[in-house]
Each structure stands twice: as C-alpha cells, then as structure tokens.
Amino acid sequence: MAEPRSLIYASIPQTPPGIIMPPADSRVTAVVMDPIEYTLRKRLPRKLPKRRNDVYVNMKTDFRAQLARCQKLLEGGGHSEICVHGLGLAINRAINIALQLQASSQGALQLAANTSTVELVDDLEPEDPDEAGEPMTRTRNNSAIHIKVFYPDPQ
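Because the structure is a prediction, the values reported are computed rather than measured.

## Some remarks on the pairing of strand β6 (residues 110-126)
When strand β3 (residues 38-42) meets β6, the two strands line up antiparallel, connected through five bridges. Bridge assignment links Thr 39 to a residue of β6, and that residue is Glu 125. In this structure, β6 lies alongside strand β7 (residues 136-150), joined through 15 bridges in antiparallel fashion. Across the sheet, Asp 122 pairs through a bridge with Arg 138, a residue of β7.

Right under this line is the structure:
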C-alpha cells in the first residue's frame, strides 16, 4: 500500500500536512487518517428556534430577494422587529442587509448586533465502505451574528 500523502489527526482539526502533533487532551487518542480515504460531509448548523420574524441569511440566495423578504416582514408582515442571522461567510451579507434596511427607512430603524460562536459538526465518511475505516465526526467553531432590526418605541 502506498504511503499516505499527508497525515491528519482527527482530534486536531487544523493540523498542517506533514506536521505530527500529540493530541491536546491526554484522554483523547490520536487517530491517524488518510484524507484521500474519507469524504467530508458538513452537517447543517443548529438553528435558533424559528420564529416568524427570524431571517437566516445565506450566500446561495440572491441578496435582493433576502432584502425584499426582510422589507416585507417589517412593512407588510406586521412585525415591529426582525432578527437577521448570519453564519460564517454570510456575516457580511447579514450586516449589509441590516444596513440597507436602516438606510431605506431614512434612519427610522435601529440596529442591535450580537455575535456568537457556533459549534459545527462534520462527518468523515470512508470512501470505500468495504474497508475497515469507521465513520468519524469532527467539531469546529464558526462565527455568527444576530442583528435585531427594530422600530424604536416613540416617547
């Protein structure tokens, strides 16, 4: 059998190829795997409880369609506030949507942003199901933003 091209430890997700490091936790045993023999399957992230005024922004849907959905919720949906959620690469898009909403309202809308870290789980499935390789999971962290877009209470 040929030598693997690079060694990756499952317990250390960001190990550069060719560098072998012991596991960070002594209770975790290092599992050496060949990245060629496994397929990476990214699971969907855990979502917050879905409410009618929640908008989950992604990079696949057209920006204008997502912006129109937010405007429809604020103007015609009877909501005085919406919450725009963005994960990873979609953080910039979520911020842009919130700022566009605020600009189009001539400053009538206010924004309140919170950031968080979301733990994501990836599945590593063996390429050849006949081999003895077992499916493994890997956890990683990703940044998220939650922007509350609302009309302030008149005083």
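## Considering the pattern of salt bridges
In this structure the tally under the stated criterion is five salt bridges. Between Arg 138 and Asp 122 there is a salt bridge, and its shortest N-O distance comes to 3.1 Å. Here Arg 138, found in strand β7, pairs with Asp 122, found in strand β6; they are 16 residues apart in sequence, far enough to count as distant. As far as burial versus exposure is concerned, Arg 138 and Asp 122 are alike and both buried. Put simply, Arg 140 and Asp 122 hold a salt bridge, and the shortest N to O gap is 2.7 Å. Note that Arg 140 is positioned in strand β7 and Asp 122 in strand β6, a separation of 18 residues in sequence. With a relative accessible area of 0%, Asp 122 lands in the buried category. One salt-bridge network, in which partners are shared between bridges, spans Asp 122, Arg 138 and Arg 140.

## Brief notes about helix α2 (residues 91-104)
For α2, built from 14 residues, the straight-helix expectation of 20 Å at 1.5 Å per residue is met to within 8% by its first-to-last C-alpha distance of 20 Å. Within the sequence span of α2, burial applies to Ile 91, Arg 93, Ala 94, Ile 97, Ala 98 and Leu 101. Residues of α2 that are buried in the fold lie against β4 (54-57), α1 (63-75), β5 (81-87), β6 and β7. A positive phi of about 55° marks Gln 106, the residue just after α2.

## Concerning the sheet that holds β5
In space, the five strands of this open sheet follow the order β3-β6-β7-β5-β4, with mixed pairing throughout. In this open sheet, the two edge strands, each paired with only one partner strand, are β3 and β4. Taken over all neighbouring pairs, the strand axes of this sheet differ in orientation by 25° on average, direction set aside. Against the sheet, α2 engages β4, β5, β6 and β7, with an angle of about 5° to β7.

## Details of the packing of aromatic side chains
Applying the stated rule across the entire model yields zero aromatic pairs. Here the guanidinium or amino end of Lys 148 rests over the ring plane of Phe 150, the centre of that ring lying 5.1 Å away.

## Quick look at the nonpolar core
Judged by nonpolar contacts, the single largest core of 18 residues is most densely connected at Val 57, Cys 70, Ile 82, Val 84, Leu 101, Ile 147 and Val 149. Contributions of two or more residues to this core are made by β4, α1, β5, α2 and β7. When residues of this core are assigned to their parent elements, the largest contribution, five residues, is made by α2. Look past the residues within four positions of Val 149 in its chain and what remains in contact with it is Leu 74, Ser 80, Glu 81, Ile 82, Val 84, Ala 98, Leu 101, Leu 109, Gln 110 and Leu 111.

Definitions and limits used
- Residues numbered from 1 in each chain as written.
- Predicted model: local features only at pLDDT ≥ 70, side-chain atom pairs only at ≥ 80, totals over all residues.
- Heavy atoms only, no water.
- Pairing = 2+ DSSP bridges.
- Helix = DSSP H or I, 4+ residues; strand = E, 2+ residues; numbered from the N terminus.
- Salt bridge = Lys/Arg side-chain N within 4 Å of Asp/Glu carboxyl O.
- Buried < 20%, exposed > 50% of the residue type's maximum accessible area, 1.4 Å probe, protein only.
- Expected span 1.5 Å × (residues − 1).
- Contact = heavy atoms within 4.5 Å.
- Axes fitted to C-alpha atoms, helices over the stretch in contact; angles between N-to-C directions.
- Phe/Tyr/Trp six-rings, centres within 6.5 Å; stacked < 30°, edge-to-face > 60°.
- Lys NZ or Arg CZ within 6 Å of the ring centre and 35° of its normal.
- Core = buried A, V, L, I, M, F, W, Y, C linked by side-chain atoms within 4.5 Å.

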